[in-house]
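Given next are the chains, with one letter for each unit.
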Amino acid sequence: MAIMETLKTLVWILSSLLTIYGIYYAFMLIFTFLPLKERVAHGPKTKFAVVVAARNEEAVIGNLVDSLFQQNYPRELYDVIVAPNNCRDNTKGVAEEHGAMIFEPKSVIRSKGDVLKELFASLLRERPDYEAFVVFDADNVADPDFLRNMNSALVEGAEVAQGYRDSKNPYTTYMASCSTIYYYMVNRFLNRPRNAIGLSGMINGTGFAVKADVLRALGGYNTRTLTEDIEFSTQVILSGRKVEWVPNAITYDEQPEDFLTSWKQRKRWTLGLIQCGREYLGELLRNLTKGNFLQVFDFTMFHLGPLVQILSIFSGLAITSLSIVQVYYDQMTTTTLVLLAVGSTVLSYVGMTVVPMVLVALEKRSLKKAWKGILTFGFFLMTWLPINVLCFIKPDTTWHEIKHKQKVSLNRKA
């Protein structure tokens, strides 16, 4: 019985640490409801290079380029540059037909980060007139005021800025709806509260801007992981800068419509985040005492996410095992154990249904149209747990292509 008491103590300590981690993020949610500072609308001043890394994207690249050429921003103040890489289709030809400039990487390309590294290095060297760069994914469609609003943020002093990531296909399938709600969560629960209290937001892979001077100061876009956006965000934080969130600079993104595609996408994100943790957690911890404590601490907590999820699985299994042992030693009845299991499952499902419902309402979207995602969002989150386990046990850093097909134009956003 002494062993059992020791195990109970260890489980209690682990559960307490996990609870503290959860309380931190729950505390941050308070700032979600603070009003955002009003940005002054500035006239067009920034010369942009709008860049797109594209691999086998002939089905969607034309719509993105069209939306970029329909910006409410002076045409002479931006260029659209598409970088086709490892393509087996006519991505280059379609991009050219729609008016984009083409940059063809010459190095070995294994990821989007490799493309951006070479492209930015070339532009910084050969085009010093570009004051800032904007990055989009090929499957996006940009809001007509995206560049105008990003310009205002940069003129006001932002050095790195992330826009609002919305969805092209929010209601087509339950999985697309779940992914859409997930990005509502990133916008509302991660970037918005941090923006409200002056902390750094997070680059979300697409729809972000960075000043050329920042890239020069950082020595270029030097990322090595599968999640180059998280890695670059971390580099920005460690340099003493922050990522501003610009909610009126909107990008419409294509969400995966089936489970297998979503699984591959989330697996890549998790692997990249684990890579980032291994690369940067030590440096983040060393920087906690160097004058930027709150921002560095917040990013440290974020990078601990995959480990926390793994520990949560162990904690749940340990609690279940201890409960079974208690039944064996007549310290708990089988009925009590079953009631606890059923009650916990029901409460978890209710919680994971209420949260997306609140998110959809806060983002002023249709609850009726989003019902598939609301009812299955708990399943979406729970399937992330085995992804975390697999990524820790068998990390596969091979880049897997995500096929895009939603041909949505500015005049027909889902």
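Scroll up for the structure.
Presented here is an overview of the structure given in this document. Treat the numbers as computed from the prediction; the structure is a model and nothing was measured.

**Topic: helix 8 (residues 228–238)**
- Burial runs high along helix 8: 11 of the 11 residues are buried.
- Buried within helix 8 are the following residues: Glu228, Asp229, Ile230, Glu231, Phe232, Ser233, Thr234, Gln235, Val236, Ile237 and Leu238.

**Thoughts on the packing of aromatic side chains**
- Taken as a whole and assessed by the stated rule, the structure comprises 24 aromatic pairs.
- Judged by centre distance (4.7 Å) and plane angle (35°), the ring pair of Tyr221 and Phe232 falls under tilted. Residue Tyr221 is located in the loop between helix 7 (212–218) and helix 8, and its partner Phe232 is located in helix 8; the two are separated by 11 residues in the primary sequence.
- A residue is classified by how much of its surface remains accessible, and Phe232, at 0% relative accessible area, is buried.
- Among the aromatic side chains, those forming a connected cluster through ring pairs are Tyr182, Tyr183, Trp269, Phe377, Phe380 and Trp384.
- Cation over ring: Arg75 sits above Tyr78, and NZ or CZ is 5.0 Å from the ring centre.
- Across the ring face of Phe380, the terminal group of Arg266 is positioned such that the distance to the ring centre comes to 4.3 Å.

**Some thoughts on unusual backbone geometry**
- Even without a glycine there, the phi angle at Asn56 is positive, about 55°.
- Looking at where Asn56 falls in the secondary structure, it is placed in the loop between strand 1 (48–54) and helix 2 (61–69).
- Notably, Lys364 is not glycine yet its phi reads approximately 60°, a positive angle.
- Residue position: Lys364 is located in the loop between helix 12 (334–362) and helix 13 (371–382).

**Re the sheet that holds strand 5 (residues 141–142)**
- Pairing in this open sheet of eight strands is mixed, and the strands run 3-2-1-4-7-6-8-5 from one edge to the other. In the strand order of this sheet, the two ends are held by strand 3 (101–102) and strand 5, each with one partner.
- Across six bridges, the pairing between strand 1 and strand 4 (residues 132–137) is parallel. The partner of Ala49 across the bridge, within strand 4, is Phe133.
- Against the sheet, helix 6 (residues 174–196) makes contact with strand 6 (160–167) and strand 8 (243–253), and its axis sits at roughly 150° relative to strand 6, the strand it touches most.

**With respect to a nonpolar patch on the surface**
- A cluster of nonpolar residues, Val338, Val342, Val346, Tyr349, Val350, Val354, Val358, Trp371 and Leu375, forms a patch on the protein surface that exposes about 780 Å² of accessible area.
- Tracing the sequence through the fold places Val338 in helix 12.
- A relative accessible area of 45% means that Val338 is categorised as partly exposed.

**A closer look at the environment of Lys106**
- Considering the arrangement of structural elements, one finds Lys106 in the loop between strand 3 and helix 4 (112–126).
- Residue Lys106 is classed as exposed on the basis of its relative accessible area, which comes to 76%.
- Measuring from C-alpha to C-alpha, the distance between Lys106 and Leu119 comes to 9.9 Å, with 13 residues separating the pair along the chain.

**Some details on the pattern of salt bridges**
- Tallying each qualifying case throughout the model produces 19 salt bridges.
- Notably, a salt bridge pairs Arg194 with Asp298, separated by 2.6 Å at the nearest N-O pair. Of this pair, Arg194 sits in helix 6 while Asp298 sits in helix 10 (residues 293–303), placing them 104 residues apart in sequence. No difference in accessibility class separates Arg194 from Asp298, as the two residues are buried.
- With its nearest N and O atoms 2.7 Å apart, the salt bridge here joins Glu279 to Arg224. One end of the pair, Glu279, is in helix 9 (residues 259–286); the other, Arg224, is in the loop between helix 7 and helix 8, and 55 residues separate them in sequence.
- Look at Arg224 and you get exposed, because its relative accessible area is 53%.
- Three or more residues joined by partner-sharing salt bridges are found here, namely Arg39, Glu156, Lys242 and Glu244.

Reading the values: rules and limits
- Residues numbered from 1 in each chain as written.
- Predicted model: local features only at pLDDT ≥ 70, side-chain atom pairs only at ≥ 80, totals over all residues.
- Heavy atoms only, no water.
- Buried < 20%, exposed > 50% of the residue type's maximum accessible area, 1.4 Å probe, protein only.
- Helix = DSSP H or I, 4+ residues; strand = E, 2+ residues; numbered from the N terminus.
- Phe/Tyr/Trp six-rings, centres within 6.5 Å; stacked < 30°, edge-to-face > 60°.
- Lys NZ or Arg CZ within 6 Å of the ring centre and 35° of its normal.
- Pairing = 2+ DSSP bridges.
- Contact = heavy atoms within 4.5 Å.
- Axes fitted to C-alpha atoms, helices over the stretch in contact; angles between N-to-C directions.
- Patch = residues over 30% accessible without salt bridge, like charges linked within 9 Å, V, L, I, M, F, W, Y side chains within 5 Å.
- Areas by Shrake-Rupley, 256 points an atom, 1.4 Å probe, with all protein chains shown as cover.
- Salt bridge = Lys/Arg side-chain N within 4 Å of Asp/Glu carboxyl O.

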